[in-house]
Each structure stands twice: as structure tokens, then as C-alpha cells.
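Secondary and tertiary structure notes
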Amino acid sequence: MKKSFLLLAAASIAFIASAKTNNDTTVCFNVEPPMHCSNCENKIKKNLRFEKGVTKVETSVPNGTVTITYNKTKTDAEKVKAGFSKIGYKARPAKTK
């Protein structure tokens, strides 16, 4: 019985993990005013993680970028971008090299 339960649990976790990655989209933004310290970085990370659909927030102070991964079935890039204004930043798509 335990083996059946563990097998079912493992299969469920694998299914959920694969479903999550299929709907994830990543977008990179530059912010104004520019991030210049860890406090700026933490403010962005702590607040944007509560935006609906956001699954991951990465920041780079030296590059001045914020990379956000979100579930495209729950939100879109424009809604994520609007989340920056709630914390006093203006976001624009980052230029890719």
C-alpha cells in the first residue's frame, strides 16, 4: 500500500512539474530609476513575487536588469510590467545582445 501511494505521489509531482514548465515564459526588463544597491534589488524581488502568475524573479544590479518567469496562463508581460509601477519603478523591455 505504501509503495502504491509513493508511486502515485511521485507521478503527481512529475506531472505538476512538467505542466508548470510548459506554461512558463521569461521576460527581461530594464528599470527606471536604475537599481544601484541590494535594497533596490530586494524591494523588486520581494514585491514582484506576489504578482499573479509570477514564478521566479532574478535581478542583476550590474546589468540593471530584472528577469521574470511567469505562467502565461495566469498573466502576461504587460501585467507583469504594470507590477513595477506599484513599487515606484518604470519597466521597459531589456535590449538583448
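These notes cover the structure that comes with them. Treat the numbers as computed from the prediction; the structure is a model and nothing was measured. (Residues numbered from 1 in each chain as written. Predicted model: local features only at pLDDT ≥ 70, side-chain atom pairs only at ≥ 80, totals over all residues. Heavy atoms only, no water.)

1. A closer look at the overall build of the chain
The cut-off we apply is this: Helix and strand assignments follow DSSP, with helices taken as H or I runs no shorter than four residues and strands as E runs no shorter than two, numbered in order from the N terminus. Type-normalised accessible area, obtained with a 1.4 Å probe on protein chains alone, sets the label of each residue: buried when under 20%, exposed when over 50%, and partly exposed for intermediate values.
Looking only at helices and strands, one finds 3 helices and 4 strands in the chain. In sequence order, the secondary structure elements of the chain are arranged as α-β-α-β-β-α-β. Counting all 97 residues of the chain, 31% fall into the buried class.

2. Concerning the sheet that holds strand E1 (residues 24-32)
The cut-off we apply is this: Two strands qualify as a pair provided DSSP detects at least 2 bridges between them. Axis definition: a line fit to C-alpha positions, over the contact stretch in the case of helices; interaxial angles, taken between N-to-C directions, run 0 to 180 degrees. Pairs of residues are marked as contacts when any of their non-hydrogen atoms sit within 4.5 Å.
The 4 strands are arranged E2-E3-E1-E4 in an open sheet whose pairing can be described as antiparallel. Two strands bound the open sheet, and with one partner strand each, they are strand E2 (54-60) and strand E4 (90-93). Strand-to-strand twist of the sheet, defined as the mean angle between neighbouring strand axes without regard to direction, takes the value 30 degrees. Sheet analysis places E1 next to strand E3 (residues 65-71), joined by 7 bridges and oriented antiparallel. Each bridged residue has a counterpart across the sheet, and for Phe29 the counterpart in E3 is Val66. Its contacts with the sheet place helix H2 (residues 38-48) against E1, E2 and E3, and it is angled at close to 175 degrees to E2.

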